[in-house]
Amino acid sequence: MNIINRRSFLFAISAMLSANALACTNFIVGKNASTDGSVMCTYNADDYGMFTGLCHYAAGSHQKGSKREIIDYDTHASHGFIPEAPFTYNVIGNINEYQVSVGETTYGGRTEMTDSTGIIDYGSLMYLALQRARNAREAIKVMTTLAETYGYNSEGETFTICDPNEAWIMEMMGCGGDKKQKVVWVAVRIPDNAICGHANQSRIGCFSKYNTEVLTSKNVIKFAREKGWYTGKDKDFSWKDTYAKPDFEGRRFCDARVWSFFNHYKNMSAWLPWALGKDADAEDMPLWIEPDRKLSLKDLENDMRDHYENTPLSVADSTDIGGGIWEMPYRPTPLVYEVDGKKYFNERPTSTQQTGFTYIAQLRSWLPREIGGVLWFGNDDPNMVAYTPVYCANTTQPECYNTPGADAVTFSDKNAFWVCNWVSNMTYPRYNMLFPSVKAVRDSLEKSYFKEQADIEKEALAKLKGSREEGVSYLTAYSCKKGNEMITRWRQLAYYLIVKYNDMVIKPEENGVFKRTATGIGERVTRPGYPKDYARQLIKQTGGKYAYPEIKK
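All values derive from a computational prediction rather than experimental measurement. (Residues numbered from 1 in each chain as written. Predicted model: local features only at pLDDT ≥ 70, side-chain atom pairs only at ≥ 80, totals over all residues. Heavy atoms only, no water.)

Peer 1: Just to check I follow, could you spell out the sheet that holds strand S2 (residues 39-46) for this structure?
Peer 2: Whenever strands of a sheet pair, they do so through backbone hydrogen bonds, lying parallel or antiparallel. Taking strand neighbours across the sheet as the criterion, the seven strands line up as S16-S14-S1-S2-S19-S20-S21 in an open arrangement whose pairing is antiparallel. Two strands lie at the open edges of the sheet, namely strand S16 (288-289) and strand S21 (388-391), each paired on one side alone. Bridge analysis of strand S1 (residues 24-29) against strand S14 (residues 195-198) gives four bridges, and the strand direction is antiparallel. What sits directly across from Val29, in S14, is Ile195. (Pairing = 2+ DSSP bridges. Helix = DSSP H or I, 4+ residues; strand = E, 2+ residues; numbered from the N terminus.)

Peer 1: For this particular structure, what's the right way to read the pattern of salt bridges?
Peer 2: Side chains bearing opposite charge may pair, as long as their charged atoms lie close to each other. Using the criterion set out here, one finds 33 salt bridges in the structure. As a salt-bridge pair, Arg468 and Glu97 come within 3.1 Å of each other at their nearest N and O atoms. Of this pair, Arg468 sits in helix H12 (residues 468-500) while Glu97 is found in the loop between strand S9 (95-96) and strand S10 (101-108), placing the two residues 371 residues apart along the sequence. Residues joined by salt bridges that share partners form a network here, namely Arg137, Glu166, Arg189, Asp192 and Glu213. (Salt bridge = Lys/Arg side-chain N within 4 Å of Asp/Glu carboxyl O.)

Peer 1: How should I be thinking about the side chain of Arg252 in this particular structure?
Peer 2: Inspection of the secondary structure assignment puts Arg252 in helix H6 (residues 248-263). Taking relative accessible area as the criterion, Arg252 reaches 7% and is therefore assigned buried. A polar atom in the side chain of Arg252 sits 2.6 Å from the side chain of Glu347. Setting aside residues no more than four positions away along its own chain, Arg252 makes contact with Ala275, Leu276, Lys278, Tyr308, Leu313, Phe345 and Glu347. (Buried < 20%, exposed > 50% of the residue type's maximum accessible area, 1.4 Å probe, protein only. Polar contact = N/O pair within 3.5 Å; in protein donor to acceptor, adjacent residues only side chain to side chain. Contact = heavy atoms within 4.5 Å.)

Peer 1: In this structure, what is going on with helix H11 (residues 431-466)? I would like to understand it.
Peer 2: Helical geometry note: an α-helix holds 3.6 residues per turn, so side chains three or four residues apart project in the same direction. Counted at 1.5 Å a residue, the expected span for H11 with its 36 residues is 52 Å, and the 50 Å between its end C-alpha atoms agrees. Approximately 40° is the largest bend angle found in H11, and it occurs at Gln453. (Expected span 1.5 Å × (residues − 1). Bend = angle between axes of the 7 residues up to and from the residue.)

Peer 1: Even after reading the chapter, I still don't get the packing of aromatic side chains, so can you show me in this structure?
Peer 2: Each pair of aromatic rings is reported with the distance of its centres and the angle of its planes. Under the definition given, this model contains 34 aromatic pairs. Considering the side-chain rings of Phe261 and Phe262, the 5.9 Å spacing of their centres and the 40° angle between planes classify their relative orientation as tilted. The exposure class of Phe261 is buried, given its relative accessible area of 1%. A residue is classified by how much of its surface remains accessible, and Phe262, at 0% relative accessible area, is buried. Judged by centre distance (5.5 Å) and plane angle (65°), the ring pair of Trp376 and Phe450 falls under edge-to-face. Of the two residues, Trp376 sits in strand S20 (residues 373-378) while Phe450 sits in helix H11, which places them 74 residues apart along the sequence. Taken together, the ring pairs connect Phe207, Phe223, Trp229, Tyr230, Phe237, Trp239 and Tyr243 into an aromatic cluster. Across the ring face of Trp229, the terminal group of Arg110 is positioned such that the distance to the ring centre comes to 4.1 Å. For Arg251, the ring lying beneath its charged end belongs to Trp274, and the centroid distance is 4.2 Å. (Phe/Tyr/Trp six-rings, centres within 6.5 Å; stacked < 30°, edge-to-face > 60°. Lys NZ or Arg CZ within 6 Å of the ring centre and 35° of its normal.)

Peer 1: What is the right way to read the pairing of strand S12 (residues 167-174) from this model?
Peer 2: For a regular strand, the rule is simple: side chains alternate between the two faces of the sheet. Counting buried positions along S12 gives eight out of eight residues, so the element sits mostly inside the fold. Here S12 shows no split at all, with Ala167, Ile169, Glu171 and Met173 on one side and Trp168, Met170, Met172 and Gly174 on the other all buried. Pairing geometry for strand S11 (residues 156-162) and S12, over six bridges, is antiparallel. In the strand pairing of S12, Ile161 is matched with Trp168.

Peer 1: Explain unusual backbone geometry to me, please; I cannot follow it from the model alone.
Peer 2: Leaving glycine out, the prevailing phi sign among residues is negative, and the prevailing peptide bond configuration is trans. With omega at 10°, the peptide bond leading from Thr333 into Pro334 counts as cis. Among the secondary structure elements, Pro334 is positioned in the loop between helix H8 (297-304) and strand S17 (336-339). Its identity is not glycine, yet Asp503 carries a phi of approximately 60°, on the positive side. Positionally, Asp503 belongs in the loop between H12 and strand S22 (509-510). Judged by relative accessible area, Asp503 falls into the exposed class, the value being 63%.

Peer 1: I keep staring at the side chain of Arg305 and nothing clicks. Help me out?
Peer 2: Considering the arrangement of structural elements, one finds Arg305 in the loop between H8 and S17. Side-chain polar atoms of Arg305 contact the side chain of Glu446, separated by 2.5 Å.

Peer 1: Would you mind going over the pairing of S14 with me for this structure?
Peer 2: Residues Ile195 and Gly197 line one face of S14 and the alternating positions Cys196 and His198 line the opposite face, and both faces are buried. Pairing of S14 with S16 involves two bridges; the strand directions are antiparallel. Looking at S16, one finds that Ile195 is bridged to Ile289.

Peer 1: Explanation requested: the nonpolar core in the structure shown.
Peer 2: Taken as a class, soluble globular proteins show a tendency for nonpolar side chains to be buried jointly. Counting 145 residues, the largest nonpolar core has Phe159, Ile161, Trp239, Met486 and Trp490 as its most contacted members. The element contributing the most residues to this core is H11, with 11 residues. Once you skip the residues sitting within four places of it in the chain, Trp490 turns out to touch Met384, Val385, Ala386, Val419, Cys420, Val423, Val438, Val441, Arg442 and Leu445. (Core = buried A, V, L, I, M, F, W, Y, C linked by side-chain atoms within 4.5 Å.)

Right, dumping it as structure tokens:
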């Protein structure tokens with residue numbers, strides 16, 4: 001019996017969020033909607049207390065009769081074994097050597113549909129598909145066949161499934177332990193000139209009316225009829241209205257992220273009432289839109305860093321004291337809280353402090369697959385990291401994304417998760433004071449990666465013509481080098497921030513060097529005090545308590 005190494009598999013498990021967190025975001029860009037003709041997809045994996053790295057599964061061949069142990073991503077319990085595939089492909093993170101990328105967000109749906117007897121969970125499906133599929137359609141076939149054969153034991157899930165030519169969104173749910181039916185699912189191809197997104201709310205509606213290719217399980221409508229959940233005509237059947245009807249939280253906390261993404265590329269004011277979530281009669285938001293302009297990789301990086309700026313949902317509003325003195329566009333969790341017996345909520349923008357890892361997959365059909373697929377990867381809130389390039393055929397991870405000894409309760413200054421969190425957690429409470437320094441380093445690194453990309457890939461192409469092994473080794477070494485350079489620069493940033501902004505003051509510098517007096521001591525600091533908007537809010541709240549007395553002479 002050839003059983004996958006349990007320790008390696010558990011590390012891969014740590015790279016995924018708990019289904020109970022319900023806190024992820026995926027954006028999808030068709031090849032004719034991107035500036036360079038690539039298919040692109042994104043993933044923010046959010047959780048509370050999650051420690052994560054960049055997983056790797058080496059390609060391999062397996063003897064007949066070999067078994068694969070299925071270990072649940074949420075509980076780490078073994079669900080049993082399934083037959084191993086004769087051949088499996090190289091996987092690094094959420095991309096494989098054939099430029100297939102799979103992401104997800106959990107939406108839950110009807111609780112009675114969860115099948116506790118099923119063997120396959122959503123996380124296992126993702127990596128099994130990546131190891132066994134050479135394109136998006138094959139990945140859909142792998143995932144649905146496995147779920148239909150062995151049962152699906154997770155809650156309702158939305159998957160992003162992309163390759164260099166096609167982008168798909170698929171939703172899946174179990175059948176509650178039904179002895180004859182294991183799973184229901186629907187997959188919709190996103191038009192090449194469109195963009196799509198999902199963020200923990202089921203997004204597929206009346207799929208018979210979509211002007212695109214749709215694949216479904218044979219029982220997709222039949223099962224709902226048998227349960228008495230749907231009695232209308234087949235052509236009017238809506239997946240989400242039947243299996244996961246959007247409520248206030250599904251719209252305000254989840255669909256609003258997609259609304260904001262769309263709003264960058266098309267006027268979405270007509271669907272703002274839907275995103276706000278309070279109007280029961282609001283017009284439902286479309287599954288995809290055709291953007292007014294094409295999207296670049298840099299656009300998607302900015303979209304993953306979104307705080308609803310310049311919209312009615314913005315958490316970057318300086319008049320809102322929820323961001324503290326230095327106006328951070330972040331809010332504490334939980335999302336819903338209570339004051340004097342009344343419930344209130346926080347907004348849930350795409351960029352959030354609890355992101356464990358983030359990526360943008362760039363999938364390019366015109367290049368050899370070893371070069372065409374790039375996973376731009378970061379190990380914290382995307383607003384607080386530089387996305388580094390990881391090529392899809394890479395055979396090892398940068399040490400900073402796979403650090404021996406580091407875990408959720410063990411800090412390591414060699415580990416990207418911890419060093420990036422070190423910087424971001426210094427920055428959050430003093431956001432508008434410290435963030436400009438973080439942004440400058442972040443943007444400088446990313447600019448350097450973009451500038452190098454064409455030359456690196458030209459050299460890799462030349463090496464691939466000599467031998468595939470040489471080309472893959474070259475790209476692997478490059479990705480590892482960039483990751484290690486990033487964490488070195490991020491450590492320097494951490495040291496700089498503690499010196500520059502110590503004790504809520506600002507030390508002056510010139511040409512990147514802290515200034516000193518003629519006698520060699522540190523130059524006098526600047527004391528910025530309260531930002532004006534916050535000072536006004538403070539005085540409004542405290543009245544004359546802190547009014548300086550007018551002393552008559």
